[in-house]
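Each chain, written out:
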Amino acid sequence: MKHEKGTKPLVEVKHLKKHFDVGRGQILKAVDDVSFDIYPGETFGLVGESGCGKSTLGRTLIRLYEATEGTVSFDGEAVHGRKSNSERKKLSRSIQMIFQDPYASLNQRMTVTDIIAEGIDAHGIAKNRKERQQMVYDLLETVGLNRSHAERFPHEFSGGQRQRIGIARALAVHPRFVIADEPISALDVSIQAQVVNLMKKLQQELGLTYLFIAHDLSMVKHISDRIGVMYLGGMVELTSSDELFENPLHPYTKTLLSAIPVPDPKLERGRERMVLQGDLPSPINPPSGCRFRTRCPFATELCAAEAPVWQEAEQGHWVACHLYDPSKNMSLSKEGAGA
Amino acid sequence: MDNLLEVQDLQVSFFTYAGEVQAVRGVGFSLGRGETLAIVGESGSGKSVTSKSIMRLLAKSAKIKHGSIRFEGKDIASLPEKQMQDIRGRDISMIFQDPMTSLNPTMTIGKQITEVLKKHRKLGGAEANRRAVELLDQVGIPNPDKRLKQYPHQLSGGMRQRVVIAIALACNPKVLIADEPTTALDVTIQAQILELMKKLQQELDTSIVLITHDLGVVANMASRVAVMYAGKIVETGTVDEIFYEGKHPYTWGLLASMPKLHEKSEELMAIPGTPPDLSDPPMGCPFAARCPYAMEICHEYMPEYTEHSETHRAACWLQDSRAPRVQSPLAGGDRP
């Protein structure tokens, strides 16, 4: 689903920061000045390696964490800041979350009915017990389970089935925006495809907007309309998913794409890999200037001195890299790297 | 004798309160010198149990019920533990999935590497240390002298996996079993580790048994592939035979459920349902319940292997001459 030009974004994130005080006067900048929009009906994919801040970003969007600085607005309304109870409730009905680990995210002492109906109860959506039960039955069927599962406990289900229960719970309050934080990474390949297909189907039927957080780029590409790539707390590139794979700009995106092994032996044999040197630097003490410069094959002195500006290099294709800054006049060749 | 390792009709069961769980139900394969055999399958397919049986590291509740594991002609399935200790870590060693838990957090890196050298190579302290520095250098860890004195928590995940590899390779093993060696790592680190494993394999001429569920990693690393499902190998062949000429519907399903990076498709071909419960395995083909091509016979009798080439065989009733011809859904003509 593509958004039309001139559509108002559903979620607007502006200069969002989330810093954690880790003691001894040290600050961990998990999310550091990130701005982007999510449009109604689209799937926005967020990728990056562990520790890049993608989950923290997701959790800050739904206000599981308070933002340190910056704003998040949902449908024109601020998510953070002082809110009345009814405003909070309205927001938590509109935004729901699906978690990574289907083994840890369901309370094992509650029946499936009670897990799914928790939101229904909290928001007083059902008029009576009968209606509540009917809603649960309907939700179970929506996610491909059946009535007979309603009175069982989580341990009686497989990983894929549990993730379906997690999805049913998120859908129970009729949200408009769903944040899925690595919803399939704990599942087997054949089951992953089932859950992704289900999420796509539900999106079409219910007109949902997704933020899909994952580290598996091939699955993210499959489900997303647009993708944002994060590295060490910052967003380095943002564009449509086809454009990202056909024409990646940021050196980090390029290495990330070349690192994915493709299930095609002939292609794999002929592939030249850009293998990244070294490890991720600590987000407590990130490198000066561009965060990626310590591992970037094209880094220059400028990259250490100055942080690149987040700008639109091509229509709808945002990137934070000096190489694509017309005012900096740098070239992509390795020879130019010493200049 | 050409094969370094030969597993025949291996059957392993776990004995639990709920009864016997038949995790591995007659697995056979061989491993030649210098080759990489990938065993692929989903969780619960028995791939890790197979690898642990070779290492003889099975849990107490598990038992090798039947079959043989021949290493250089000697059956190690029934070897006394004392003799197995001479082989384990020296001739056959293992890399585990999670580098966070496979190292001892209370011992320095140096001590964990020299431990192996002292036990199997009977090296003295100074010599073992020198060799440990060499090993760390070989697996690409900068400042090896400094790292030797550090503890696992001071290293990143990728570095820890490099240490685990250094320990596994300390005695130049003939067989290296890598059980999901990169699953816990990020893709860019995974690329580093896979490159390293390939480089070391060429230098040391080690044979690798690679256990994984990631078909991308298989395409990158393996020379031969065995596809496991519900405790059985359903298809085995060279990597090209499996990826381009796969015969078993489960192999097709696995390949089709992976999204292609270079193609856009609307819906993934998911395999419906879930794997069978191995405490009560089905009588016939274990995949029949999820197979779109299943026939009556599939539910009643387990198919025999059909040979398609010297290296390629599959256990599926569709290969029987009386069965209807079925086209692989992958054969769209887009593959060279």
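What counts as what
- Residues numbered from 1 in each chain as written.
- Chains lettered and ligands numbered in written order.
- Predicted model: local features only at pLDDT ≥ 70, side-chain atom pairs only at ≥ 80, totals over all residues.
- Heavy atoms only, no water.
- UniProt positions renumbered as here; feature names shortened; annotations may be inferred.
- Buried < 20%, exposed > 50% of the residue type's maximum accessible area, 1.4 Å probe, protein only.
- Helix = DSSP H or I, 4+ residues; strand = E, 2+ residues; numbered from the N terminus.
- Pairing = 2+ DSSP bridges.
- Disulfide = S-S within 2.5 Å.

An unreviewed UniProt entry annotates chain B as Oligopeptide transport system ATP-binding protein originating from Paenibacillus rhizosphaerae. The Subcellular location (unreviewed entry) comment attached to chain B in UniProt states, word for word, "Cell membrane". Its UniProt record gives chain B a comment under Sequence similarities (unreviewed entry), which states: "Belongs to the ABC transporter superfamily."

An unreviewed UniProt entry lists chain A under the name Oligopeptide/dipeptide ABC transporter ATP-binding protein, with Paenibacillus rhizosphaerae given as the organism. Checking UniProt for chain A, the heading Sequence similarities (unreviewed entry) contains the comment "Belongs to the ABC transporter superfamily."

1. As for the pairing of strand 6 (residues 92-95) of chain B
Residue and element names in this part refer to chain B. Of the two faces of strand 6, both are covered, the one formed by Ile-92 and Met-94 as well as the one formed by Ser-93 and Ile-95. Where strand 6 and strand 7 (residues 175-179) come together, 4 bridges link them in parallel fashion. Residue pairing for strand 7: Ser-93 is matched across the bridge by Leu-176.

2. A short note on the state of the cysteines
All names here are of chain B. If you walk through the whole model with that rule in mind, you get 0 disulfides over all chains. No disulfide involves Cys-298; its nearest neighbouring cysteine sulfur is the one of Cys-285, lying 6.1 Å away. Here Cys-298 falls in the buried class, since its relative accessible area comes to 8%.

3. Some thoughts on the pairing of strand 7 (residues 177-181) of chain A
Residues and elements named next belong to chain A. Summarising burial for strand 7: 5 of the 5 residues are buried, a large majority. Here strand 7 shows two buried faces, one formed by Phe-177, Ile-179 and Asp-181 and the other by Val-178 and Ala-180. Of the strand pairs in this sheet, strand 6 (residues 95-98) and strand 7 are connected by 4 bridges, and their pairing is parallel. The partner of Gln-96 across the bridge, within strand 7, is Val-178. In this sheet, strand 8 (residues 209-214) lies alongside strand 7 in parallel orientation, the contact comprising 5 bridges.

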